[in-house]
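Structure assessment
Here is what each chain is made of, one letter per residue.
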Amino acid sequence: MNMHANNIAGGARAPWAKAGTQPRVAIIGAGMSGISAVVKLRQAGYTDLTVYEKTGKVGGTWRENQYPGLSCDVPSRWYSFSFNLNPDWSHRFSYGPEIQAYMEDTANKFGVTDIVKFNTPVADLTYEGPQWRLTTGDGTVEHYDVVISATGVLHKPAFPNIDGLDTFEGDMFHTARWDHGVKLEGRKVGIIGTGSTAAQIIGAITHKVGTMNVFQRTPQWMIPLPQKEYATGWKWLLRTFPALQKLTYNFYFKAMSKNFGAATTGDQKKLADIQEACTKHLEEAVADPELRAKLTPDYQAACKRLIFCSDFYPAISRDNANLITEGITRITPTGIETVDGKLHELDVLILATGFDAAAFILPTKVTGENGQDLGEAWDGSPRAHRAVAMPGFPNFWMLEGPTGPVGNLSLITISEYQVDYIISMLNKMRDDRLEAVSARQDAYQHYNEDMGKQMPNTVWASGGCTSWYFDKSGNPNLYPYPPHRYLDDMHDPDFSEFRLIADVKEMQAANA
Ligand code: NAP
């Protein structure tokens, strides 16, 4: 690309596409999507990149979550960067520390780590057409031509609103803030929640604690995780013939998105297969009919985010495990009291109560055109155009933004497609010497209304459950069509869905 590097740090400057300079790009977050963004933007010739990371390490969710039993239920061969496939995955479904090491290795190998400003949260982003003023937590101000939010979906722990939570005198922590200093062996442990996180933790620690008290508000469907360790010979084969790595990546990509993606978005036959597999799993793994009844959901499998876990049922069936289904009335200094008046005494209380899934880039304050505040615009129901853009927020892009396909898919792949889409937009700006690009209000509205009409056909909306997918609007914040449709659309951007602004000041004067 024939563009000079921008060496004017800090202050506002001439619009990049007209000046023929590199755009200054700020990427917020050094997790999987931030890493994808840096690598792919560089490969496309965009080199003036800065990554802001609130903590001291890359890795995002894999840095944040360090609980026992943490693993990924998306197959390793697919849960990989397409530009850095890994022949050495030890298991079909990787464990957390191995994924975190892979994130760090990828960031080092592709020179991402070097451009990350660590321990630097972004406090404020304000659009000063056509650039963005970025203010960090310590008050440092920089200007950028383009901002890419790569903050992830589930990063803000949700704490339960239960009376007396602060009065508990034992050890207490949220699963995303695991306290490795707390001894579990032989102690009375309680865990609130039965989501993907809780299932993995319960499967991993029940055998070593004194008693495991699981406080279940809603039972979950679980499908067995077909885990297996990869043989040395298989790793050798993949290393020696890299084309095989691509083949296995594509195999899992197609299998997961075409089968699971189709099942959740309307394919009743595939959905019935999932239901049957979950029911069979429960029947075979839990011998006690009373326990099995308590563990049987009254909604359709895959309505809540489906849990892949083979360790939970054996763990909850152990003699030292109690499944408590009576509602929680309050937390006391010594334990949890339930509606039957019973006090369950605990030494350790683990909050597996999930995340605020409507946060995305918030609580960073983002102010777009005409002083529009992103948090206010969303008002608890975040929406976006194609999950990456918001009308009124030009030159601001999101990875894994609202209404993207998340489900049980590889978010690494989804974010790579989104980065490619953003690169197409930057290329368009460069080629047409544009100052700003912003989603059109009518395109955004049409896109979201259409998704709203389709949503009832999904199991998330029609399966008779509630889940973290639902936002304040009462609808799941997800993509309601098979994921391939989204990916195909992202592959081929329609520029007519955007305001392509040649001169921001001229446009502002015309609108005044
Ligand atoms: P979650 O699915 O939101 O589960 C939260 C649990 O806490 C639910 O069982 C919920 O009950 C319960 N809960 C919340 N507030 C409560 C309260 N006040 N009283 C009693 N129970 C309460 O959270 P998560 O398990 O952390 O998982 C979140 C997501 O992270 C997953 O769905 C998945 O997308 C991702 N994840 C992925 C993996 C992986 O292997 N790829 C592993 C872990 C997590 P209700 O069901 O009644 O609301």
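The shown structure was predicted, so the numbers you read here are calculated from the model rather than taken from an experiment. (Residues numbered from 1 in each chain as written. Predicted model: local features only at pLDDT ≥ 70, side-chain atom pairs only at ≥ 80, totals over all residues. Heavy atoms only, no water.)

Some thoughts on the sheet that holds strand β4 (residues 122-128)
The sheet built from four strands is open, its strands ordered β6-β5-β4-β18 with mixed pairing. What marks the edges here is a single partner per strand, and that holds for β6 (141-144) and β18 (365-367). Recorded for the sheet is a direction-independent mean angle of 15° between the axes of neighbouring strands. Both β4 and β18 contribute to a ladder of three bridges, which runs parallel. Considered in β18, the bridge of L125 is made with V366. (Pairing = 2+ DSSP bridges. Helix = DSSP H or I, 4+ residues; strand = E, 2+ residues; numbered from the N terminus. Axes fitted to C-alpha atoms, helices over the stretch in contact; angles between N-to-C directions.)

Brief notes about the state of the cysteines
For the structure shown, the criterion picks out one disulfide. Each sulfur in the disulfide pair C303 and C465 lies 2.0 Å from the other. On the S-S bond that ties C303 to C465, the torsion sits near -90°, and the link is left-handed. Residue C303 is located in the loop between α9 (289-294) and β12 (307-308), and its partner C465 is located in the loop between α14 (459-462) and α15 (483-491); the two are separated by 162 residues in the primary sequence. You can call C303 buried: its relative accessible area is 0%. (Disulfide = S-S within 2.5 Å. Buried < 20%, exposed > 50% of the residue type's maximum accessible area, 1.4 Å probe, protein only.)

Some thoughts on the sheet that holds strand β2 (residues 49-52)
Strand order in this open sheet of five strands is β3-β2-β1-β7-β19, and the pairing throughout is parallel. Only two strands of the sheet have a single neighbouring strand rather than two, namely β3 (116-117) and β19 (396-398). One ladder, built from four bridges, connects strand β1 (residues 25-28) with strand β7 (residues 146-149); its direction is parallel. Within the sheet, the bridge partner assigned to V25 lies in β7 and is V146.

Considerations on the pattern of salt bridges
A complete count under the given rule lists 27 salt bridges for this structure. As a salt-bridge pair, K18 and E435 come within 3.0 Å of each other at their nearest N and O atoms. Taken together, the positions of K18 in helix α1 (residues 16-19) and E435 in the loop between α12 (411-432) and β20 (436-439) put the pair 417 residues apart, joining distant regions of the chain. Classification of K18 as partly exposed rests on a relative accessible area of 31%. In the salt-bridge network here, residues are joined through shared partners; they are E53, R63, E64 and R177. (Salt bridge = Lys/Arg side-chain N within 4 Å of Asp/Glu carboxyl O.)

With respect to the domain arrangement of the protein
When the domains of the protein are assigned, the result is domain 1 (2-12 + 23-156 + 356-511) and domain 2 (165-220 + 304-351). Its C-alpha centre places domain 1 at a distance of 34 Å from the equivalent point of domain 2. Between domain 1 and domain 2, the contact holds 17 residues from the first and 14 residues from the second. Carbon and sulfur atoms make up 50% of the surface buried where domain 1 meets domain 2, a total of about 1,400 Å² over both sides. For the interface between domain 1 and domain 2, the tally reads two salt bridges. (Domains from an automatic or database assignment. Contact = heavy atoms within 4.5 Å. Buried area = accessible area lost by both parts, 1.4 Å probe.)

Some remarks on the packing of helix α7 (residues 242-264) against helix α8 (residues 268-285)
Taken N-terminus to C-terminus, the directions of α7 and α8 make an angle of 95°; their axes are 7 Å apart at the nearest point. Here α7 lies roughly perpendicular to α8, going by the angle between them. Two secondary-structure elements touch here, α7 through K258, N259, F260, A262 and A263 and α8 through K270, L271 and I274. The residue makeup of the contact of α7 with α8, split by class, is five nonpolar, one polar and two charged. (Parallel < 35°, antiparallel > 145°, perpendicular 65-115°, else oblique. Nonpolar A, V, L, I, M, F, W, Y, C, P; charged D, E, K, R; others polar.)

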